[in-house]
Amino acid sequence: QVHLVESGGGLVQTGGSLRLSCSASGRSDSNHAMAWFRRAPGKEREPVAGIGWGGATKYLAEPVQDRFTISLDNDQNTMYLQMHSLKPEDTAVYYCVARSSRNIATTPGEYEYWGQGTQVTVSS
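Just so you know, these numbers come straight off a predicted model, no measurement behind them.

### Here's the deal with unusual backbone geometry
- Even without glycine at this site, S85 takes up a positive phi of about 50°.
- You can see S85 is positioned in the loop between strand 8 (78-83) and strand 9 (92-99).

### Notes on the packing of aromatic side chains
- Inspection of every chain in the model, using the stated rule, returns 3 aromatic pairs.
- Measuring from centroid to centroid gives 5.5 Å for F37 and Y111, while their planes differ by 70°, and the two rings are edge-to-face. Note that F37 is positioned in strand 4 (residues 33-39) and Y111 in the loop between strand 9 and strand 10 (113-114), a separation of 74 residues in sequence.
- Given the relative accessible area of 4%, Y111 is considered buried.

### Notes on the nonpolar core
- L4, M34, W36, L81, M83 and Y94 are the most contacted members of the largest nonpolar core, which totals 28 residues.
- Those elements giving two or more residues to this core turn out to be strand 1 (2-7), strand 3 (18-26), strand 4, strand 5 (46-51), strand 7 (68-73), strand 8, strand 9 and strand 11 (118-123).
- Listed in part, the 6 residues of the second largest apolar core include A35, V97, A105 and Y111.

Definitions and cut-offs
Residues numbered from 1 in each chain as written. Predicted model: local features only at pLDDT ≥ 70, side-chain atom pairs only at ≥ 80, totals over all residues. Heavy atoms only, no water. Helix = DSSP H or I, 4+ residues; strand = E, 2+ residues; numbered from the N terminus. Phe/Tyr/Trp six-rings, centres within 6.5 Å; stacked < 30°, edge-to-face > 60°. Buried < 20%, exposed > 50% of the residue type's maximum accessible area, 1.4 Å probe, protein only. Core = buried A, V, L, I, M, F, W, Y, C linked by side-chain atoms within 4.5 Å.

Put into structure tokens, the structure is as follows:
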């Protein structure tokens, strides 16, 4: 079992920055890929970014490629999502997720573990 806790969400103006954190605890002996998904009001969940076990591989969705970065602190079992140049369309609940595989996946059903989510609101 892996327990995920997100933090760092909030309200920011267009063009601002936020950094989300996800602290993982539980089965540290397992090799897990991790990712961020988001759900905007009235929309389906969508992948934002992912990072393979150990941080060797990364994925960024096209809408955020030039603005967001994903990173992993293995020692602290913490994943980060640094978000710059935020837009109103980035407004969503952001979820930290993990799966029992070293490899990144981009569909929500492939992730067994989910955090409770953190709200990001970008005002225009």
